[in-house]
Each structure stands twice: as structure tokens, then as C-alpha cells.
Amino acid sequence: MNTDSPLFPPLLRGEAVKPGVDPFAKAISRAVAGVDSGSIFYSEAIDCLKAALVLAPEGNLTEAMQAVYVAQIGLAESLGALAPPEVPIHFVWPDRIKVNGALCGRVRFAAETTEADSNPNWLVIGIDVPFLNTRTEPGATPDQTTLHDEGCGEVTPMALLESWSKHTLLWLTYYINSGFERVHNEWRPRCDTLGHDTEYPLSGTLVGLDEHGHMLIRQGGMTQTLSLIDYAEPA
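Since the structure is predicted, the reported quantities are computational estimates derived from the model, not experimental observations.

## Regarding the overall build of the chain
Phase 1 of the analysis: Looking only at helices and strands, the chain features five helices and eleven strands.
Phase 2 of the analysis: In terms of C-alpha radius of gyration, the chain reaches 17 Å, essentially the compact-globule figure of 18 Å for 235 residues.
Phase 3 of the analysis: Across the 235 residues in the chain, those meeting the buried criterion constitute 50%.
Phase 4 of the analysis: Of all intrachain contacts in the chain linking residues separated by at least 6 positions in sequence, the fraction that spans at least 24 positions is 63%.

## Let's talk about the sheet that holds strand E1 (residues 13-16)
Phase 1 of the analysis: Taken together, seven strands build an open sheet; the order of strands is E1-E2-E3-E7-E6-E5-E4 and the sheet is mixed. Only two strands of the sheet have a single partner each, and these edge strands are E1 and strand E4 (89-92). Between one strand axis and the next, the sheet turns by 20 degrees as a mean value, whatever way the strands run.
Phase 2 of the analysis: Across four bridges, the pairing between E1 and strand E2 (residues 39-42) is parallel. Residue pairing for E2: Glu15 is matched across the bridge by Phe41.
Phase 3 of the analysis: Taken strand by strand, helix H1 (residues 23-32) contacts E1, E2, strand E3 (48-55), strand E6 (102-111) and strand E7 (123-130), and its axis lies near 15 degrees from that of E3.

## Quick word on the packing of helix H3 (residues 66-82) against helix H4 (residues 157-178)
Phase 1 of the analysis: Across the interface, H3 lies against H4 with an axial gap of 8 Å and an inter-helix angle of 135 degrees. As summarised for this structure, H3 and H4 are arranged oblique, according to the angle between their axes. Where H3 crosses over H4, the handedness of that crossing is right-handed. From H3, Gln66, Ala67, Val70, Ala71, Ile73, Gly74, Leu75, Glu77, Ser78, Leu79, Ala81 and Leu82 reach across to H4, where they touch Ala159, Leu160, Ser163, Trp164, His167, Thr168, Trp171, Leu172 and Tyr175.

## Quick notes on the pattern of salt bridges
Phase 1 of the analysis: On inspection of all chains with the given rule, the structure shows nine salt bridges.
Phase 2 of the analysis: Across the pair Arg190 and Glu77 runs a salt bridge whose closest N-O atoms are separated by 4.0 Å. Residue Arg190 is found in the loop between helix H5 (180-187) and strand E8 (197-198), and its partner Glu77 is found in helix H3; the two are separated by 113 residues along the sequence.
Phase 3 of the analysis: By sharing partners, the salt bridges in this structure join Asp22, Lys50, Arg106, Arg108, Asp128 and Glu233 into a single network.

## Details of the packing of H3 against H5
Phase 1 of the analysis: Where H3 contacts H5, the two axes come as close as 10 Å, and the packing angle between them is 45 degrees. Judged by the inter-axis angle, H3 sits oblique to H5. Viewed along their axes, H3 and H5 form a crossing whose handedness is left-handed. Where H3 abuts H5, its residues Gln66, Tyr69, Val70, Gln72, Ile73 and Glu77 lie against Phe180, Val183, Glu186 and Trp187.
Phase 2 of the analysis: Of the residues contributing to the contact of H3 with H5, the split by class is six nonpolar, two polar and two charged.

## Section: the layout of surface pockets
Phase 1 of the analysis: Counted as a void, the second largest pocket has a volume near 540 Å³.
Phase 2 of the analysis: The set of elements that each furnish at least two residues to the lining of the second largest pocket consists of helix H2 (61-64) and H4.
Phase 3 of the analysis: At five residues, the largest contribution of residues to the lining of the second largest pocket is made by H4.

The rules behind the values
- Numbers given for residues are sequential positions, taken from 1 along each chain in its written order.
- Given that this is a predicted model, residues contribute local features only at a pLDDT of at least 70 and side-chain atom pairs are listed and counted only at 80 or more, while totals for whole chains, interfaces and linings are drawn from all residues.
- Here the side-chain values reflect all heavy atoms present in the structure, with hydrogen atoms and water set aside.
- Secondary structure is summarised from DSSP: a helix means a run of H or I of at least four residues, a strand means a run of E of at least two, and numbering begins at the N terminus for each.
- The reference for a compact globule is 2.2 Å times residues^0.38; the radius of gyration itself is calculated from the C-alpha atoms.
- Each residue is placed in one exposure class: buried if its accessible area under a 1.4 Å probe, protein chains only, is under 20% of its type's maximum, exposed if it is over 50%, and partly exposed if it falls in between.
- Any two residues whose heavy atoms approach within 4.5 Å at even a single point are treated as in contact.
- The criterion for strand pairing is that DSSP finds at least two bridges linking the strands in question.
- For helices, the axis comes from a line fit to the C-alpha atoms of the stretch in contact; other axes are also lines fit to C-alpha atoms, and the angle between any two N-to-C directions lies between 0 and 180 degrees.
- Here the word oblique covers every angle except those under 35 degrees (roughly parallel), over 145 (roughly antiparallel) and from 65 to 115 (roughly perpendicular).
- In a left-handed crossing the near helix is turned counterclockwise from the far helix by less than a right angle, and in a right-handed crossing that turn is clockwise.
- Within this document, salt bridges are pairs made up of a side-chain nitrogen of Lys or Arg and a carboxyl oxygen of Asp or Glu, the two lying within 4 Å of each other.
- Amino acid classes used here: Ala, Val, Leu, Ile, Met, Phe, Trp, Tyr, Cys and Pro are nonpolar; Asp, Glu, Lys and Arg are charged; the rest, including Gly, are polar.
- Only protein atoms enter the 1 Å grid used here, on which a cavity is any set of points holding a 1.4 Å probe that cannot leave and a pocket is any open set flanked by protein within 12 Å on both sides along at least five of seven lines; residues with an atom within 4 Å of a point are listed as lining.
- Grid points are joined across faces, edges and corners, and a volume is the space filled by probe spheres set on the points.

So this is what it looks like as C-alpha cells:
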């Protein structure tokens, strides 16, 4: 257990959850109860970082989901600031994170509604990043990794949480002031599967995002639109 409480930037506040409690589930229950936007719930475990941020979107759900990309950029920039400079950070749409070419955690999200045109009172975005391998033998899952396995042994979960909160708040400010285009331009080069054939989440070629944040995937001669809404977790 980490005895050092993380420091959060203005407008954000943190609350540690009890051992064994999922911060993402806690954030949803507190969001339903009306907790303030900017609340972060987190675990103090040392083998992983599990945290969730509650937001109060002003637009409809389609617009609100664009904040998921903001949180991904915040995580990538945080890892980039704390990890050795040679360690690359990428995304796999819609929710996975890659460190040095292997899967290393995910982003989670849920909202009050699943209707694209409805205005949700709350949106919860969570991150789940493994620091230590506590489940399998080293090398048993070459497509998955942990931060310590990738040379980030000096990075702690609480340091990453602090950094994520700061970078995410900064990019939320950019998003509010400049719109989704700036977020899109920053996110696009970090998407590991963009422009390539993929089997996840569907078979096809990932073409890119449209102006709403929907993924375009080409299957044969047809292009299909995928929304983050369809990959949100149930509230």
C-alpha cells in the first residue's frame, strides 16, 4: 500500500478506494449519486494503476465520447514524461494501450446513457495499467507486457496517476477551447493500427477518425463507421 497521497491539479480531486474495490465501478456509483465533475477514484495498489475520472459533459453523448481520446493522450503523454525516452507509447482503437509494441493496459468508459443524441449527466473514463506481472511466467504472453518489464521500474502508480491527471486536464482545456480537431491531430499519429489491417475490434483496415470521433474501417469496397459508444461498459 502506498502511503503517499497523490497531488492533483486544480479542478480535480482524488479519493482512494478500499482494497479490492474497483475504482471504475466506484466512480460510476458515485457519478450516479451526483458526485462533482473532476472527481478521481483510484486504487493504491503497487502492482498496477487503476483510476477513474468523473466528468459532466455539456453536449450529447457523441460529443462527450471525444473526451476518451483526451484521456488517452493524457496517458500517453504521462508515460512519455516518466518512462525512458526510447519507450514508444501507442493506442489500439478503441480502448487498448501499447508500450514498446506490446499491450500494456486499457482505457475504460461508461456514460449515463447509450443514446448518441442524448445529453448524459456524467461520463466516467478509467485507466488500467499493469506495473508488475503477478499472474504469468515471464515471456508466457509475448503480446502483453508491464511497465516494469519495459524498463520503467522507477515509475510508480501514484506518480503516473498524478501525471495523468495533469496532462488530461491540460488536454481537456485544449479540447474545450479548440474543439476536437486539435485532439484528433494529436491522437492520430499515436494509433498503432491506423492505416493497417486489423482483426480488432472488427476485421478490416482502419482508415481514421471522422470529425465526430467515429472510427472508419474499410471492409472490401465498403467503409463502416464505428462509434466508441458501442464499446462503452454498462453503467
